[in-house]
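Next come the chains, spelled out residue by residue.
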Amino acid sequence: LLYFAGTGAGFMLFEIVLMQKLVLYLGHPVYAAAAVLTALLVGAGAGSLGSSRLQPTPKVLAGAALVVAALIALYGLALGPLLGLTMGWPFVVKAAAVLVLLAPPALVMGMLFPLGLRRLAVGDDAHIPWACGIDSSVSVAAAAGAPLLAVQAGFGAVLAVAAAAYVVVAFAGPRLGRRG
């Protein structure tokens, strides 16, 4: 429950914040949404594909989740100043920069879901539909909750919750597939 709830919430909360942060940078909400969705979905797809080369060991699951948490924290600190420095760049260059900038967290985030499913299948593959349902439903709830949290506490708090979700994933991952 915690592993797949964390991947669903963390991914969606990070995505929502990125869309908001990039509206001014790219000049329109549609451009920001398109850039973030493209970067995260293509990057996560590549990470998912690449995850087949990794074994879903406790160390790999925890390490990947902690890398994502650290990247989210880093982006929370550095994204604003970096966007400010490059604000005057031509639109096409800024859009390409966004795609490159979001590739590292997207790749690792994309690895976590399939690695978790493979690890879970070791114990009992009957739980896989539950894992998919948990991830999906928490993603939807996080998409609805992100704006509410942002209004009350700011987008920094949303990023902190996203990073915390991946820390939870890091601690829950090694327990996947174990009985008892």
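Refer to the preceding data block for the structure.
Notes on the structure follow. (Residues numbered from 1 in each chain as written. Predicted model: local features only at pLDDT ≥ 70, side-chain atom pairs only at ≥ 80, totals over all residues. Heavy atoms only, no water.)

**Quick word on the overall build of the protein chain**
Spelled out, the test is: Helix and strand assignments come from DSSP, with helices taken as H or I runs of at least 4 residues and strands as E runs of at least 2, each series counted from the N terminus. Here the globule rule reads 2.2 Å times residues to the power 0.38, and the radius of gyration is calculated from C-alpha atoms. Each residue gets one of three labels from its accessible area relative to the maximum for its type: buried under 20%, exposed over 50%, partly exposed in between, using a 1.4 Å probe on protein chains only. Should any heavy atoms of two residues lie within 4.5 Å, those residues are considered in contact. To measure how exposed things are, a 1.4 Å probe is used in the Shrake-Rupley method; for residues, cover is taken only from the protein chains shown. Neither His nor the chain ends contribute to the count of charged residues, in which Lys and Arg are positive and Asp and Glu negative. All charge positions are set by atom: Lys at NZ, Arg at CZ, Asp at CG, Glu at CD.
From N to C terminus, the protein chain includes six helices and zero strands. The order of helices and strands in the protein chain, counted from the N terminus, is α-α-α-α-α-α. In terms of overall dimensions, the protein chain is globule-like: its C-alpha atoms have a radius of gyration of 16 Å, near the 16 Å expected for 180 residues. Burial status across the protein chain gives 43% buried among its 180 residues. For the protein chain, contacts bridging at least 24 residues in sequence account for 83% of all contacts bridging at least 6. Of the roughly 8900 Å² that the protein chain leaves accessible, carbon and sulfur atoms contribute 74%. Side-chain charges in the protein chain split into 9 positive and 4 negative, and the spacing between the mean points of these groups amounts to 13 Å.

**Overview of the side chain of Ser139**
As for its placement among the helices and strands, Ser139 is situated in helix 5 (residues 128–153). A residue is classified by how much of its surface remains accessible, and Ser139, at 13% relative accessible area, is buried. Sequence-distant contacts of Ser139, that is, excluding residues within four places in its chain, are made with Gly8 and Met12.

**Notes on helix 2 (residues 29–50)**
We apply this condition: Each residue after the first adds 1.5 Å to the expected span of a helix. The arc in question is the one spanned by the directions pointing from the helix axis to the C-beta atoms.
Relative to the 32 Å expected for 22 residues at 1.5 Å per residue, helix 2 spans 31 Å between its end C-alpha atoms, a close match to the ideal helical length. Those residues of helix 2 lying buried are Ala32, Ala35, Val36, Ala39, Leu40, Gly43, Ala44 and Gly47. Buried residues of helix 2, viewed axially, fall in a sector of 130 degrees; they line one side. Facing away from the buried side of helix 2 by more than 90 degrees, the exposed set consists of Val30, Leu41, Val42 and Leu49.

**What to know about the environment of Thr7**
Position of Thr7 relative to the elements: it lies in helix 1 (residues 2–26). Look at Thr7 and you get buried, because its relative accessible area is 6%. Sequence separation between Thr7 and Ile128 is 121 residues; the distance between their C-alpha atoms is 14 Å.

**Remarks on the environment of Gly10**
Tracing the backbone through its elements, the reader meets Gly10 in helix 1. Taking relative accessible area as the criterion, Gly10 reaches 0% and is therefore assigned buried. The sequence separation of Gly10 and Val161 amounts to 151 residues, and the corresponding C-alpha distance is 7.4 Å. Discounting residues that sit within four places of it in the chain, Gly10 has contacts with Ala162, Ala165 and Tyr166.

**Some remarks on the packing of helix 1 against helix 3 (residues 58–86)**
We count it as follows: Angular values range over 0 to 180 degrees, each being the angle between N-to-C directions of two axes fitted as lines to C-alpha atoms, with helices fitted over their stretch in contact. Any angle between 65 and 115 degrees counts as roughly perpendicular, while under 35 counts as roughly parallel, over 145 as roughly antiparallel, and the rest as oblique.
Between helix 1 and helix 3, the least distance of the axes is 11 Å, while the angle of their chain directions is 10 degrees. Between helix 1 and helix 3, the interaxial angle falls into the category roughly parallel. The residues of helix 3 that touch helix 1, namely those facing Tyr3, Phe14, Leu18, Lys21, Leu22 and Tyr25, are Leu61, Ile72, Tyr75, Leu79, Leu83 and Thr86.

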